[in-house]
Structures are given as structure tokens and as C-alpha cells.
Amino acid sequence: MTRAIAILVLMFLPLPIVIVVLSSFTSAGYLSFPIKGLSLRWYAEFLGSANWLSVMGTSALLALIGALVSTAASLAAAWAVVRHRIRFGTAWETLLLTPLIFPHAAIGVIMIVTLAGLGWLGTFAGLVLVHCILTVPYAYRPVAAALRKADPALEEAAASLGARPWRTFWLVSLPAVRPGLVTSLLFSFIISFDEVTVTLFLVGPFVMTLPVQVFSEVLESASPVIAAVSATLVLFTSAMVFILDRVIGIQFFVERD
Amino acid sequence: MPRPFRIALLLAPSALLMGVFAVGLVRLIASSMVIDGQIDLSLYSDILHRADYVAMLGRTLRIAALTTLVSVLIGFPTAYFVARYRGNRNFLLLLIIFPWLVSIVVRSYGWVVILGPRGLVNGIVTATGLADRPLKLMYNDFGVILGLVHVLLPFMIIAILSVLLQIPRSLEEASMSLGGRPAYSFRTVVLPLALPGVLTGITLVYLMSTGAIVTPLLLGGLGNTMIGTEIFQEVMHFFDYPKAAALATVLLATALAVVLPLQILERHLTRRLSDGGDL
């Protein structure tokens, strides 16, 4: 019984993704499954559209900057909590995770209010700020775990051998937490690149992300070009998961510190 | 650099991000109940006195509860199977983690392709003559719950799996070698130890299903609103920000009312278990 449920679930989870990828190769002008004939015309339309490409560029840049900022902020916070053993360390860690217990629709409205107050609604800077807030809870755990595993004695040794603090940081501390950093970067990149529920409130005529564009196209049309764009998103995610698996191993997601 | 200054500098970036979030939260609540400089709860009494809003709230809670229930019922066996699997467990993990990381837009869209009038299921049904007209599989509660379960199930499985993987298999075997039947060993050994993971999973799935917008909108349409889709409409179509802020505050309250007790219970259980005490 357990086995039967598990096997069905493990087939059910990838199903819609496989269907989207397969249906992107249709030659028909409308979306249907099974597809009517094989063609790459929807990929040609996607890659020939300046609009889709610029939206994809925005999403990639946003995810990249967001991942760098939230990983750096997480590393700094983890440094204070783990290395300096600050008194309210556990409380600080809990605080950093609080955005996770807010429903996304509510976060969306909170962010409208926030960005409107800053005059950043519908701007790229506004999206970067929001995506940093959303990805810090995911970025924090891997760097903090790596920092806990790294041996502070190595840093003390480097310092006692005369290395200046920055040199110690670059040559000793940073390499020791590298797997954690890479994980944080990739994890935040994926979360940010795929985020839609909060972002859809914050885009505007001058800035748009790929998942939000896909969302509004699905609501308005049934053009198979959406399937081609979605398949490209899937390809991006696969590449990230592949690198994550190589760097740290996929079991990272089910490990507890 | 003196230590307090260095610590302040290290905490500054994350403090800034969380500070922005906290200020936004306060401003959200304020903008829903302060009108023209005075405290005014009329938006809330409007919401609670309109039959369609009350129905929408009830629908949201019902769908979230059903989604959570189905996710536990199929997520637990899956996590248990994966935790006890002796073969290539990494491959099974990939089947869970990879879909989890694919954007919810893509996954919900996949269900539109499968359940739609010209989709996979209706293709099979009409081709085999099981029905002469396409079945209505989406734009109803069934489609929404199916989509939400699919989107959120990985959270449940991951939460339970991360606890199950910590339970040594020998514990279960010890119970059985002492004469406990498998079902008894499962109920008295595995289940209590897995409970914190189950509670985390329930918390996440409930939370995310009450606050979902994309999946309910794509698979439920504009007719069958949930609180998330209602907020979306207020903002995107009616530009009624105070109403959206009031609805968002109601959403927060309903979510936290369930989530905070669960979190406290989960911490309590985890502490009890790590102290080695009885439940």
C-alpha cells in the first residue's frame, strides 16, 4: 500500500512538467495534448521575440543580483551568530526565517505598501529588494551550516602566522565555507528566478519577470509559445539542480543540521 | 575594530532587509484600519458582513484544509518509502526536489494542459468513447485542490523525510525483534518520532495554500475565488489598496492562528524528543 502510493506520487510529481515540455514541440497554432505534429516553431517565436528575451534577461539579472546580495547578507549574519556567538543568536536566526511563515498573497500586499513608500513600485531596484527579503531564509541555512562545520582553529593559525584579517578571510575562511556559499547562491537564484506570487504585484510597464509574463500570458491566451518559454524555464532549473547536486549533493535538502 | 562595532556591521545588511519587511507589515495593517488619521474598522466589518466574502473565506479554509489533508495522507507514505528505500535513493530525491524547484507557474500551466477541454485526460476520455463531451476537470474545486496538492506536496514530503532519515532503522527493528508487529512498531516508534516533521509539513502546506494566487487563478478561474485571488483582483482590477490591505491582514490572521500553535507544539515535541523523554 505504502509502496503503491509512493510510486504513484513519484510519477505524479514530474508529470505536468513533462507534459509542458512535450507540448512545446507542437506544430499546431493552439495548445493541445497529445500534440498534432512536431515542430520548433514556438521556440523560434520565443527566441525571435525581443520582448521575451528582454524579460528573460531581466529575470536572470534580478536572480543573480538578489542571490549575491542575500548570500552576502546571510554570510555576514551567520558570521556574527556562529563566530562571534552573539547573545541573541538563536533569536536572530528565527527572525531571519520569519518571512517563511507569511502567506505569499499577504507578502505581496506588504511589499506593495513598502515599495510605494520608497517610490520603488514597478522598478528593478524594488524587485531586487523584495527578492533579497524572500531569499534570505533560503540562503542563510547553507552558509551557517558550512560555517559551523569549518574549523576556527585554521583561522587562528593563519592569524598567528602573521596573516592580516582580510588575507585570512580570503585565503582561509572563505574557501572553508565555499560549498555553503555556492549552495546559498544557487538556491536563492532558483527561488528568485521562479518567484511569481509576490512579484506579480510589483512589476510594471518598465520591468517584468519571466514567470510573471508567463502567468499573464496563460491568463490571456493559449498560445503554445508559453509552453516553449516554460520549457526553457524548466531547462534553467534543471541546470541549477544539476550543479547543486554536483556541488553539495541533492540530499542537502532533506538534511537537518 | 572593536567587537560591538564589528558585530553591528555584520548584522546590518540582514537587519536592514528584515527591518524593511517589518515596517511594511506595520504599514499594511495601519493602511487597512487607519482612514483619514482615525482608527476605522469599517473595511473589516464590510468584509464580514458581505455574504460573498464570507463564502470566499470559508472556501479558502476548506480548500486549504483539504489540500493539507490530502498532502499528509499521500506525502507520509511517500516519505516513508523513500526513507526506507535501499536502492538509489538520490534518484527518488531528484523526483521530489526537481519538480519542487520548477516554477509554480509552469507546474500549474502543466495541469491546465492536462485537465483542459483539449487536454490529455479529455483526449483519452473522448477518444475511447468514455464520454462524448469533454469533462469539466478544471475551473472547479477539484482542479484547484489537485493543482495545490501537486505544487505543495514536495514541502510535505521534504519536511517528513528530513525527520524520518534521522530515525535509525535499528530502532524499528529492535521494536519488532521484541515482538512488536510492524504496524505496532510503526505506530509506537516511527510515528511519534516523525510527528515534528509532519507538523512542519502541515504548517507549510496550509500556509501556502491559504496564500496561493497563481494555482487557484489558473485552475479555478475568476469565478471560484479564494482570498489570494480576491486580493489579486482588488489590486490589479479595482486598484482598491485599502481593501486589499484589509484582506491581506485577514489572511495573515487566519494563517497565523493555525500556524503559531502548530509551531509551538512542534518545538515542544522536538525538545521532548531530544531530551529523551516520553511524549
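The structure displayed is predicted, hence computed values, not measured ones. Each residue is numbered by its place in its chain's sequence as written, counting from 1. Here chains are named by letter from A upward and ligands by number from 1 upward, in the order in which they appear as written. The predicted origin of the model limits local features to residues at a pLDDT of at least 70 and limits the giving and counting of side-chain atom pairs to 80 or more, whereas totals for whole chains, interfaces and linings rest on all residues.

**Description of the overall build of chain A**
The helix and strand inventory of chain A stands at 12 helices and zero strands. In sequence order, the secondary structure elements of chain A are arranged as α-α-α-α-α-α-α-α-α-α-α-α. By principal-axis analysis of the C-alpha atoms, chain A measures approximately 70 × 50 × 35 Å. Here chain A, with 257 residues, has 47% of them falling under the buried criterion. Numbering of helices and strands runs from the N terminus, with a helix taken as a DSSP run of H or I at least four residues long and a strand as a DSSP run of E at least two residues long. Exposure classification rests on a simple neighbour count of other C-beta atoms within 10 Å of a residue's own: a residue reaching 20 or more is buried, one at 12 or fewer is exposed, and one in between is partly exposed. C-beta atoms are placed from the backbone.

**Topic: helix α7 (residues 124-149) of chain A**
Structurally, the α-helix is built with 3.6 residues per turn, so residues lying three or four positions apart point the same way. For α7 of chain A, built from 26 residues, the straight-helix expectation of 38 Å at 1.5 Å per residue is met to within 8% by its first-to-last C-alpha distance of 36 Å. Fitting axes to the seven residues that end at a residue and to the seven that start at it, the angle between those axes gives the bend at that residue. The largest bend in α7 of chain A comes to about 45°, at T135 of chain A, with the proline P137 of chain A one to four residues further on. Any helix carries an expected span of 1.5 Å times its number of residues minus one.

**Considerations on the interface of chain A and chain B**
Residues are defined as contacting one another if the C-beta atoms placed from their backbone atoms lie within 7 Å. Each partner contributes residues to the interface: chain A has 69 residues there, and chain B has 74 residues. Counting residues per element, the side of chain A that touches chain B draws most heavily on helix α6 (residues 104-118) of chain A, which supplies 10 residues. Of the residues belonging to the side of chain A that touches chain B, the class tally is 53 nonpolar, 12 polar and four charged. Lys, Arg, Asp and Glu make up the charged group, whereas Ala, Val, Leu, Ile, Met, Phe, Trp, Tyr, Cys and Pro make up the nonpolar group; the residues left over, Gly among them, are polar.

**Quick word on the domain arrangement of chain B**
Residue and element names in this part refer to chain B. Domain boundaries in chain B define domain 1 (1-40) and domain 2 (41-274). Contact with domain 1, which involves six residues of that partner, is made by eight residues of domain 2. Residue composition of the side of domain 1 that touches domain 2, grouped by class: three nonpolar, two polar and one charged. Where each domain starts and ends follows an automatic or database-derived domain assignment.

**A look at the nonpolar core**
As used throughout, a nonpolar core is a set of buried Ala, Val, Leu, Ile, Met, Phe, Trp, Tyr and Cys residues joined through C-beta atoms within 7 Å of each other. A78, V109 and V143 of chain A together with I160 and A248 of chain B are the most contacted members of the largest nonpolar core, which has 171 residues in total. With 17 residues, helix α7 (residues 141-164) of chain B is the largest single contributor of residues to this core. A248 of chain B has contacts with A105, A106 and V109 of chain A together with L28 and I231 of chain B, leaving out every residue within four places of it along the chain.

**Examining the environment of L97 of chain A**
All names here are of chain A. With respect to the helices, strands and loops of the structure, L97 is situated in helix α5 (residues 89-97). Owing to 13 C-beta atoms within 10 Å, L97 belongs among the partly exposed residues under this scheme. Separated by 39 residues in sequence, L97 and V136 place their C-alpha atoms 7.7 Å apart.

**Description of the packing of helix α2 (residues 15-23) of chain A against helix α12 (residues 225-247) of chain A**
Angle between the axes and distance between the axes are the two parameters that describe a pair of packed helices. Residue and element names in this part refer to chain A. For the pair α2 and α12, the least separation of the axes is 8 Å and the interaxial angle reads 125°. It follows from the interaxial angle that α2 and α12 lie oblique. Between α2 and α12 the crossing geometry is left-handed. Note on element contacts: α12 touches α2 through A227, S230, A231 and V234, opposite I17, V20, V21 and S23. Tallied by class, residues from the contact of α2 with α12 come to six nonpolar, two polar and no charged. Angles run from 0 to 180 degrees between N-to-C directions of axes, and those axes are lines fitted to C-alpha atoms, restricted for helices to the stretch in contact. For this classification, under 35 degrees means roughly parallel, over 145 means roughly antiparallel, 65 to 115 means roughly perpendicular, and everything else is oblique. Helix crossings are classified by the rotation of the near helix relative to the far one: an anticlockwise turn of less than a right angle makes the crossing left-handed, while a clockwise turn makes it right-handed.

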